[in-house]
Structure formats: C-alpha cells, structure tokens
Amino acid sequence: MKKLLLILAMACFIATGLKAQSVEWKTIEQASKIDTKSNAKLFFVDFYTSWCGWCKKMDKSTFTDPTVIKILNTYYVPVKFDAEGNSEFTWDGTKYTSNASKTNTHSFAKKSLGPRMGFPSFGIFKSNQQLITVVQGYQTAEDFAIILWYYASGDNARYPFEKYMQIFDKEIRPVMNKKLGIK
C-alpha cells in the first residue's frame, strides 16, 4: 500500500512538473470565449502556418525555453492560430468565419497582421482583445522573453523600447527574474 501511494505521489509530481514545462496553448475558439471583463491577462496569438519552417523552429526552441514558458503561462492567454485554418469565432466584437483555404489566409490573420503578412507573426492583445502590437519573424528565446516581459510588465507604457533595452540587464532583468522566481 505504501509503495502504491509513493508511486501515485511521484506520478502526480512528474505530471505537475511536465505541465509547468510547456506553454499551455489554447485554440482561438477557446480564447475567444474567455470573459474579457474578468480576464486580467493579455492575449498572445501565435499566427503560424503548416508550411512555415521558422514557426516550427520556434516551437522547438523558443517556446520550450523555461523563461518564455513562465511568462506566457503566467501573464498571457497563449493562443496557437493556424493563419490558413477554418476557425469560426468572434474576437473584439468582430465575427470571423471560415474563409481560408490552402491559398487563402484567414481574415483574422489579415486584419491583425495587416499589409506586412509574414510568418511567424505574433499578436499581443489587451485583455479586452484589442491589438497592442505585432511582432514578426523568428525570435530567439532570450530576445522573445524581453519582448514578452516588456508588455506583460506594463513597461511599454513607461519606456520607449530603445530605452528599455538600454536598461534591461541592469534594472529590468532583476525585477523580472524575481517575479518569475528565476535566480
């Protein structure tokens, strides 16, 4: 009996540890149903396509980084969105219907990304689903953690990004690491 309890406890510990080691992605349909009045987190939307090699590289490297995972899971509602998919949902009061095919980009991606369509692209949205900014192109884990923290911490309202980068290592990183529990 004691061995069984020990095995169960270890399985729970391992399962909890594994869950904490990956981004807790939601679909756009799941995220669109979150009550924006009670949601305190920002939305992070990963616009990807099945053919995008840099998207796959980010999935294997950037989105497996412990700091990136912690920031996304703690401060954002992380969403994976197939920019060529057939999703139907309402976002920020606009209904998006299934209009994508292999040669047609989904209207949500078109509206969010605008004329600079490219993949990978990432939308950061306020808790009420209004777009704040779009980040485009492959990002290393180190660079991406800085960008994610800039918006998650509200530092984007305090500093222009150039100034933020100048003070990041000395002033911002210690605060970020403390809040994330990183030594």
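This structure is a prediction, so every number in the text was calculated from the model and none was measured. (Residues numbered from 1 in each chain as written. Predicted model: local features only at pLDDT ≥ 70, side-chain atom pairs only at ≥ 80, totals over all residues. Heavy atoms only, no water.)

Caption draft 1: Quick look at the overall build of the chain. Along its length, the chain carries seven helices and six strands. Reading the chain from its N end, one meets helices and strands in the order α-α-β-α-α-β-β-β-α-β-β-α-α. Taking the contacts inside the chain whose residues are at least 6 apart along the sequence as the reference set, 61% of them involve residues at least 24 apart. Here the chain has roughly 10700 Å² of accessible surface; of this, 56% comes from carbon and sulfur atoms. (Helix = DSSP H or I, 4+ residues; strand = E, 2+ residues; numbered from the N terminus. Contact = heavy atoms within 4.5 Å. Areas by Shrake-Rupley, 256 points an atom, 1.4 Å probe, with all protein chains shown as cover.)

Caption draft 2: Examining the packing of helix α6 (residues 141–152) against helix α7 (residues 161–180) more closely. The interhelical angle for the contact between α6 and α7, taken along N-to-C directions, is 85 degrees, at an axis separation of 10 Å. Regarding the angle of α6 to α7, the classification is roughly perpendicular. Contact residues: α6 offers Glu-142, Ile-146, Ile-147, Trp-149 and Tyr-150, while α7 offers Phe-161, Tyr-164, Met-165, Phe-168, Ile-172, Arg-173, Met-176, Lys-179 and Leu-180. Taken together, the residues of the contact of α6 with α7 sort by class into eleven nonpolar, no polar and three charged. (Axes fitted to C-alpha atoms, helices over the stretch in contact; angles between N-to-C directions. Parallel < 35°, antiparallel > 145°, perpendicular 65-115°, else oblique. Nonpolar A, V, L, I, M, F, W, Y, C, P; charged D, E, K, R; others polar.)

Caption draft 3: Region of interest: the nonpolar core. If you look at the biggest cluster of nonpolar residues, it comprises 29 residues, and the most contacted ones within it are Phe-44, Phe-63, Ile-71, Tyr-76 and Phe-144. Contributing elements (two or more residues each) for this core: β1 (42–48), α4 (66–75), β5 (121–125), α6 and α7. Looking at this core, the element that brings in the most residues is α6, giving ten residues. Aside from chain neighbours lying at most four places away, what touches Ile-71 is Tyr-76, Ala-145, Leu-148, Trp-149, Ala-152, Met-176 and Leu-180. Cys-52, Tyr-96, Phe-119 and Phe-125 belong to the second largest nonpolar core, which has 19 residues in total. (Core = buried A, V, L, I, M, F, W, Y, C linked by side-chain atoms within 4.5 Å. Buried < 20%, exposed > 50% of the residue type's maximum accessible area, 1.4 Å probe, protein only.)

Caption draft 4: Inspection of the sheet that holds strand β6 (residues 131–136) at higher detail. Sheet architecture is open: four strands sit in the order β2-β1-β5-β6, paired in mixed fashion. Both edges of this open sheet fall to β2 (76–82) and β6, since each of them pairs with a single strand only. Neighbour to neighbour, the strand axes of the sheet diverge by 20 degrees on average, direction disregarded. The pairing of β1 with β2 spans seven bridges and is parallel. By the bridge assignment for β2, Phe-47 is matched with Phe-81. Together, β1 and β2 form the strand contacts of α4, whose direction differs from that of β2 by roughly 105 degrees. (Pairing = 2+ DSSP bridges.)

Caption draft 5: Highlighting the confidence of the model for the chain. Averaged over all residues, the pLDDT of the chain equals 89, while 86% of them reach at least 70. Within the model, the stretch residues 4–20 combines pLDDT values under 50 with two contacts to residues more than four positions away or in other chains. (pLDDT = per-residue confidence, 0-100.)

Caption draft 6: Summary view of the packing of α4 against α7. α7 packs onto α4 with a crossing angle of 70 degrees between their chain directions and a minimal axis gap of 11 Å. Judged on the interaxial angle alone, α7 and α4 are roughly perpendicular. Where α4 crosses over α7, the handedness of that crossing is left-handed. On α7, the residues touching Thr-67, Lys-70, Ile-71 and Tyr-75 of α4 are Met-176, Lys-179 and Leu-180. Here the contact of α4 with α7 is built from residues that sort into four nonpolar, one polar and two charged. (Left-handed = near helix turned anticlockwise from the far one by under 90°.)

Caption draft 7: Representation of unusual backbone geometry within the structure. Omega for the bond connecting Phe-119 with Pro-120 falls within 30 degrees of zero, at 0 degrees, which places this linkage in the cis form. Assignment of secondary structure puts Pro-120 in the loop between α5 (107–113) and β5. In this structure, Asp-92 is a non-glycine residue whose phi angle is positive, near 50 degrees. With respect to the secondary-structure elements, Asp-92 resides in the loop between β3 (89–91) and β4 (94–96). One non-glycine residue, Gln-129, lies in positive phi territory at about 75 degrees. Tracing the backbone shows Gln-129 in the loop between β5 and β6.

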